[in-house]
Amino acid sequence: MGRRDRGGATAEIAVALPALVLVLATALAAVRLGIDQVRCVDASGTAARLLARGEAGEVARSRALAVAPEGARLVVAFGPDTVRVTVTAALPLELGWSGLPEPRAEAVAAVEGLP
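Below you will find a few notes about this structure.

So, how was this worked out
Numbers given for residues are sequential positions, taken from 1 along each chain in its written order. Local features are withheld for residues below a pLDDT of 70 in this predicted model, meaning they are given only at 70 or higher, and side-chain atom pairs are given and counted only at 80 or more; totals for whole chains, interfaces and linings count all residues. Each side-chain value is derived from all of the structure's non-hydrogen atoms; neither hydrogens nor water enter the calculation. Numbered from the N terminus, helices here are DSSP runs of H or I no shorter than four residues, and strands are runs of E no shorter than two. Whether a residue is buried, partly exposed or exposed follows from its accessible area with a 1.4 Å probe, protein chains only, as a fraction of its type maximum: under 20%, in between, or over 50%, in that order. Contact between two residues is taken to exist if any of their heavy atoms lie within 4.5 Å; hydrogens are not considered. A strand pair is defined by DSSP finding two or more bridges across the two strands. Between N-to-C directions, angles cover 0 to 180 degrees, with each direction set by a line fitted to C-alpha atoms, over the stretch in contact for helices. Among buried residues, the Ala, Val, Leu, Ile, Met, Phe, Trp, Tyr and Cys ones that are joined through side-chain atoms within 4.5 Å form a nonpolar core. Any residue with relative accessible area above 30% and no salt bridge may belong to a patch, with like charges joined within 9 Å and the nonpolar Val, Leu, Ile, Met, Phe, Trp and Tyr side chains within 5 Å. Each accessible area is a Shrake-Rupley result for a 1.4 Å probe, and residues are judged covered by the shown protein chains and nothing else. For salt bridges, the criterion is a side-chain nitrogen of Lys or Arg within 4 Å of an Asp or Glu carboxyl oxygen.

Section: the environment of Ala107
At step 1: Along the polypeptide, Ala107 turns up in strand β3 (residues 104-110).
At step 2: Residue class for Ala107 comes out buried when judged on its relative accessible area of 13%.
At step 3: Once the C-alpha coordinates of Ala107 and Pro18 are considered, the two residues, 89 residues apart in sequence, prove to be 41 Å apart.
At step 4: Not counting residues within four places of it along the chain, the set of residues in contact with Ala107 comprises Ser44, Gly45, Ala48, Val83, Arg84 and Val85.

Right, dumping it as structure tokens:
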């Protein structure tokens, strides 16, 4: 090994390490996005079921938001014989550049006790 090659591996690692960290951060954010999507599905289903059974709106909202990702938005719409709940969460900050949609789920349940 000549004097010119000395420290070459260190320079290559210094260039490759930030790229590796970026790839790892993006992969972890993608996993979080998947988890947030599942949590939105669970939260919308929970709220729709509770409201369809006749639970108070605040009870359904608090239980749904306990399951939903932090900062999630919950929208409830009542139809003549159904209740529709939509839960939307923010995209992980690390994926803001990606153009991916926000985690979002919608659940519809038939209102119980109707003739």
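Next comes the rest of the account.
Topic: the sheet that holds β3
At step 1: Reading across from one edge, β1-β2-β3 is the order of the three strands in this open sheet, with antiparallel pairing throughout. Edge positions in the sheet fall to β1 (73-78) and β3, since each has one partner strand and no second. Sheet twist, expressed as the average angle between the axes of neighbouring strands with direction ignored, equals 15°.
At step 2: Bridge analysis of β1 against strand β2 (residues 82-88) gives six bridges, and the strand direction is antiparallel. The partner of Arg73 across the bridge, within β2, is Thr88.

Side note on the nonpolar core
At step 1: Formed by 19 residues in total, the largest nonpolar core has its most connected members in Leu74, Val83, Val85 and Val87.
At step 2: Contributing elements (two or more residues each) for this core: α1 (8-52), α2 (57-67), β2 and β3.
At step 3: A per-element tally of this core places α1 first, with seven residues.
At step 4: With residues up to four places along the chain from it excluded, the contact list for Leu74 reads Ala47, Arg61, Ala64, Leu65, Val85, Thr86 and Val87.

Observations regarding a nonpolar patch on the surface
At step 1: Taken together, Ile13, Leu17, Leu20 and Val21 make up a surface patch of nonpolar side chains, about 400 Å² in accessible area.
At step 2: Position of Leu17 among the secondary structure elements: in helix α1.

With respect to the pattern of salt bridges
In a structure, side chains of opposite charge can pair up when their charged atoms sit close to one another.
At step 1: Under the defined criterion, the tally for this structure stands at six salt bridges.
At step 2: For Arg104, the salt bridge goes to Glu106, with nearest N and O atoms at 3.8 Å.
At step 3: Look at Glu106 and you get partly exposed, because its relative accessible area is 40%.
At step 4: When salt bridges with common partners are traced through the structure, they connect Arg32, Asp36 and Glu94 into a single cluster.

A short note on the pairing of β2
On a regular strand, each side chain points to the face opposite its neighbour's, so the side chains alternate between the two faces of the sheet.
At step 1: Most of β2 is tucked away, with five of its seven residues classed as buried.
At step 2: Here β2 pairs with β3 via seven bridges, running antiparallel. Note on β3: the bridge partner recorded for Thr88 is Arg104.

Distances and angles like these do not, on their own, reveal function.
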